[in-house]
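Reading the structure
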Amino acid sequence: MELLEKTAKEQHEALVNKEISAEELTKASIEKIEKLDKTLGAFNSVTFDKALETAKKVDEKIAKGEEIPYLAGIPCALKDNMNMKDTKTTCSSKILENFVSPYDATVAVKLKENLVPILGKANLDEFAMGSSNENSAFNIVRNPYNLNKVPGGSSGGSAASVSSCEVTLSLGSDTGGSIRLPASFCGITGFKPTYGRVSRYGLVAFASSLDQIGPFGRSIEDVAHLYEAIAGYDEKDSTSLKMEVGNISSNLDKDIKGLKIGIIKELMAEGIEDDVKSAVENAAKTYEKLGCTVEEISLPLLKHSIGVYYIVATAEASSNLARFDGVKYGYRAQNCENLLDMYCKTRSQGFGSEVKRRIMLGTYALSSGYYDAYYKKAQQLRRLIANDYNEALKKVDILICPTCPTTAFDLNSRADNPLAMYLTDIATIFANLTGAPALSMPVGFDKGGMPIGLQITAGTLNELTLLQSAYALEKVLGVNNQRPDMCAVK
Ligand code: GLN
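Keep in mind the model is a prediction, meaning the values are calculated, not measured. (Residues numbered from 1 in each chain as written. Predicted model: local features only at pLDDT ≥ 70, side-chain atom pairs only at ≥ 80, totals over all residues. Heavy atoms only, no water.)

**Quick word on the overall build of the protein chain**
Helix and strand content of the protein chain: 15 helices and 11 strands. The C-alpha atoms of the protein chain give 21 Å as radius of gyration, which agrees with the globular expectation for 490 residues (23 Å, within 12%). With the principal axes as the frame, the protein chain shows a C-alpha extent of 65 × 50 × 45 Å. Residue burial in the protein chain is summarised as follows: out of 490 residues, 61% are buried. For the protein chain, restricting intrachain contacts to residue pairs at least 6 apart in sequence, the fraction spanning at least 24 positions comes to 76%. Accessible area for the protein chain stands at about 18800 Å²; split by element, carbon and sulfur atoms hold 49% of it. Taking the average location of the 55 positive side-chain charges in the protein chain and that of its 61 negative ones, the two points are 3 Å from each other. (Helix = DSSP H or I, 4+ residues; strand = E, 2+ residues; numbered from the N terminus. Rg over C-alpha atoms; globule rule 2.2 N^0.38 Å. Buried < 20%, exposed > 50% of the residue type's maximum accessible area, 1.4 Å probe, protein only. Contact = heavy atoms within 4.5 Å. Areas by Shrake-Rupley, 256 points an atom, 1.4 Å probe, with all protein chains shown as cover. Lys, Arg positive; Asp, Glu negative; His and termini not counted. Charge placed at Lys NZ, Arg CZ, Asp CG, Glu CD.)

Structure representation (structure tokens):
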């Protein structure tokens, strides 16, 4: 296996043992992106010079015999809705096409402090709204395992860039599943931490009570390290948690004998593809072999989560996206008669159809007369869904289910049917509504060779148990060691 195909851990060891320099590793990643990305479409823009500067700093430290951070020199991508000073943040939208950020998001600051070379900004569904990455105003992203299939969304570029071995790590954002779904479709691990664990300062807001930044990687260990690097209190984000993150990466290898696991009944019923179901059942059996108990757990209110989400998320989006008015940032329509005309034309021309649909839905749900019927009801139901979830976690330590009822679907097969697209998120949304940590890891392949993801969720703030149980399963299954053929393209 080539070094680029390896995990961050293995690359770190190669750097420390001087088998390769950080500059060489970054250059290899640049070559790979140049080779693959015209086909793949994972990047909106690249920042190779900056990445090489960072790599050189890592090499200087190594030459001086200094210790380097675990992630130093490891090629990484940032979803293009996170700001990085003096580079474009487009959110894959025409309205921000030429917007250059004057500041760094907190996660970008933290990556820089860890000397992580950032190779570029990864493609996404416009403003992170979508499940297939087909809503980007610029380019679709293709699935590295099958170029005719979607990579999942909205963090499709972040997932495809890691899966295809263009980079080793990346960051995504997850409002209703946008880290976990693409991780599942692309055969890698994606992790949404507890709401508030990672600062969102500098992340372009979609739905503020749901948004969370999290890592993508090729192993649980890599993901745990990247999570630790970006997590922690930040006074610049008022929803940031003032709590210790704790040391997770060095406590992953724990005997999980006796762990109580719940398998979510409603997500193993009708509509789940056979291969997906078998892979989840196989994961459950593996846990039993490891000495865990597995029982069926019912979450009867889960079926309402999509309805609740599409009211809460669109309502918050309609308010958050009001700032894109042609005055403060980005695109401004020309030949306008007056201010109102300028607002209308800018927003009509600048936003794509899915974003407009959400702004209209959200504005409607918040308008007087409808607020009580829709928004208030949705918030009440959100509370009940969270109660249901917390009740279940009194009986078990973690919950498992498929990340998605299906594996990656064909490009263009759902793009014209928003409702079918929304249903893709049936298994992921509850973790955003409750704020709980949730992860997707590869546990098998379907008959067509497409990856299958298992979702593991735990109680709020219980990242440690979640990652320990994922680590134990990964060690036995080893599915994370598979790479798509694309990785080997020279
Ligand atoms: N697919 C969901 C949506 O379209 C989730 C998006 C996300 O998590 N950013 O809203």
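**Concerning the site of the ligand**
Near the ligand there are 15 residues, and of these Thr-175, Gly-176, Ser-178, Tyr-309 and Arg-358 occur at the shortest range. One of the backbone nitrogen or oxygen atoms of Gly-177 is found 3.3 Å away from an oxygen atom of the ligand. Its free accessible area being 290 Å², the ligand has 100% of it covered by the protein chains. Its residues placed into classes, the shell around the ligand shows 5 nonpolar, 7 polar and 3 charged. (Near = heavy atom within 4 Å. Polar contact = N/O pair within 3.5 Å; in protein donor to acceptor, adjacent residues only side chain to side chain. Nonpolar A, V, L, I, M, F, W, Y, C, P; charged D, E, K, R; others polar.)

**A short note on the state of the cysteines**
The final tally for this structure, using the stated rule, is 1 disulfide. Not engaged in a disulfide, the cysteine Cys-401 finds its nearest cysteine sulfur in Cys-404; these two sulfurs lie 10 Å apart. Classification of Cys-401 by relative accessible area gives buried; the value is 0%. (Disulfide = S-S within 2.5 Å.)

**Description of the packing of helix α9 (residues 305-320) against helix α11 (residues 353-366)**
The geometry of α9 relative to α11 is characterised by a closest axis approach of 7 Å and an angle of 100° between their N-to-C directions. If you check the angle between α9 and α11, you find them roughly perpendicular. Counting all contacts with α9, which are made through Tyr-310, Ile-311, Thr-314, Ala-315 and Ser-318, the residues of α11 involved are Arg-358, Ile-359, Leu-361, Gly-362, Thr-363, Ala-365 and Leu-366. Of the residues assigned to the contact of α9 with α11, the class counts are 7 nonpolar, 4 polar and 1 charged. (Axes fitted to C-alpha atoms, helices over the stretch in contact; angles between N-to-C directions. Parallel < 35°, antiparallel > 145°, perpendicular 65-115°, else oblique.)

**Quick word on the side chain of Thr-403**
Structurally, Thr-403 can be placed in the loop between β9 (398-402) and α13 (418-423). Judged by its relative accessible area of 0%, Thr-403 is buried. For Thr-403, the side chain forms a polar contact with the main-chain nitrogen of Gln-455, separated by 3.3 Å. In this structure, Thr-403 is in contact with Arg-180, Leu-181, Ser-184, Ala-427, Thr-428, Ser-440, Gly-453, Leu-454 and Gln-455, ignoring residues within four places of it in sequence.

**Some remarks on the packing of α9 against helix α12 (residues 372-395)**
Angle between the axes and distance between the axes: these two values describe a pair of packed helices. At a minimum axis distance of 9 Å, the contact between α9 and α12 shows a crossing angle of 125°. Classified by the angle their axes make, α9 and α12 are oblique. In this structure, α9 crosses over α12, and the sense of that crossing is left-handed. Contacts between α9 and α12 involve Ser-305, Val-308, Ile-311, Val-312, Ala-315 and Glu-316 on the former and, on the latter, Tyr-374, Tyr-375, Ala-378, Gln-379, Leu-381, Arg-382 and Ile-385. Taken together, the residues that form the contact of α9 with α12 break down as 9 nonpolar, 2 polar and 2 charged. (Left-handed = near helix turned anticlockwise from the far one by under 90°.)

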